[in-house]
Amino acid sequence: MIKKLFYIILLLTSAVTLSAQTPKKFDPEKFSREQEAFIAKEARLSPQEAEKFFPVFREMKNKQRALFHKQRQWVRSKPMNDKDAAKLISDMDKIDMELKKIQMAYHTKFCKVIPASKVFLCLYAEERFKHQIMYKMSEQKQFKKHTTDKKPQR
C-alpha cells in the first residue's frame, strides 16, 4: 500500500515538473488577439471603431511581416567581402524605406476610419504593448537563468 502511494506521488510530481518545463510555443493568433485587446483598451476604441480599425491594422501588419522576414535573412548572412557587405547594407536600407512607406500609407488609412487622436493613441498603445512583451520575455529569461544557475549546496 505504501509503495503504491509512493509511486502515485512520484508520478504526480514528475508530471507537474515535466509540464512546468515544456516550453510554450508562440501562437500568432493569440498574440494578435492580445495585442488588439490591449490597443482597443488603451486607445479607448469603441466596438464600432475597433471594427473599422483592426482589419486595416492587420492588413498593414501582414505587409510588414514579409519585409521583416527579409530583415531576418539579412541578419543571418555573412558577407565575404566589402562588395557583398555594401550590397547587404543597401538592401537593408531599401527594406527600411519600404517599411516606412507602408507605415506612412497605413497611418493615412487609419485616419480615414477613426479620428487622428485615436490613431495616435493606438500607435502609442502598440509601442507600449511591444515594450510590455519584451519586459515579460526578459523577466522569464532572468527567471530561467536564475533557477538553472543555482548549484546544489553540499
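What you see is a predicted model; the values in this text were computed from it and never measured.

So, about the overall build of the protein chain. Of regular secondary structure, the protein chain possesses five helices and zero strands. Reading the secondary structure of the protein chain in the N-to-C direction produces α-α-α-α-α. Buried residues in the protein chain amount to 21% of all 154 residues. Considering only contacts in the protein chain between residues 6 or more positions apart, those separated by 24 or more positions represent 73%. As presented, the protein chain carries roughly 13000 Å² of accessible surface, and 62% of it is formed by carbon and sulfur atoms.

The subject of this paragraph is helix α2 (residues 28–42). Compared with an ideal rise of 1.5 Å per residue, which puts 15 residues at 21 Å, α2 spans 21 Å between its outermost C-alpha atoms and is within 8% of the ideal. The set of residues buried in α2 consists of Gln35, Glu36, Phe38, Ile39 and Ala40. Arg44 lies just past α2 and shows a positive phi near 55 degrees.

This part is about the nonpolar core. In this structure, Ile39, Leu45, Phe53, Phe54, Phe57, Phe110 and Cys122 are the most contacted members of the largest nonpolar core, which totals 23 residues. With seven residues, the single largest contributor to this core is helix α3 (residues 47–76). Residues in contact with Ile39, not counting those within four places in the same chain, are Arg44, Phe53, Phe54, Phe57, Cys122, Ala125 and Glu126.

Time to look at the packing of α3 against helix α4 (residues 82–113). Relative placement of two packed helices is described by the angle separating their axes and the distance separating the axes. For the pair α3 and α4, the least separation of the axes is 10 Å and the interaxial angle reads 175 degrees. Classified by the interaxial angle, the pair formed by α3 and α4 is roughly antiparallel. Split by residue class, the contact of α3 with α4 holds 16 nonpolar, three polar and seven charged.

Another point: unusual backbone geometry. In the Ramachandran plot, Arg44 falls in the positive-phi region, its phi being about 55 degrees despite a non-glycine side chain. Of note, Arg44 is situated in the loop between α2 and α3.

Turning to the environment of Ala37, a few remarks are in order. Along the polypeptide, Ala37 turns up in helix α2. With 13 residues separating them in the primary sequence, Ala37 and Ala50 have C-alpha atoms 9.4 Å apart.

The rules behind each value
- Residues numbered from 1 in each chain as written.
- Predicted model: local features only at pLDDT ≥ 70, side-chain atom pairs only at ≥ 80, totals over all residues.
- Heavy atoms only, no water.
- Helix = DSSP H or I, 4+ residues; strand = E, 2+ residues; numbered from the N terminus.
- Buried < 20%, exposed > 50% of the residue type's maximum accessible area, 1.4 Å probe, protein only.
- Contact = heavy atoms within 4.5 Å.
- Areas by Shrake-Rupley, 256 points an atom, 1.4 Å probe, with all protein chains shown as cover.
- Expected span 1.5 Å × (residues − 1).
- Core = buried A, V, L, I, M, F, W, Y, C linked by side-chain atoms within 4.5 Å.
- Axes fitted to C-alpha atoms, helices over the stretch in contact; angles between N-to-C directions.
- Parallel < 35°, antiparallel > 145°, perpendicular 65-115°, else oblique.
- Nonpolar A, V, L, I, M, F, W, Y, C, P; charged D, E, K, R; others polar.

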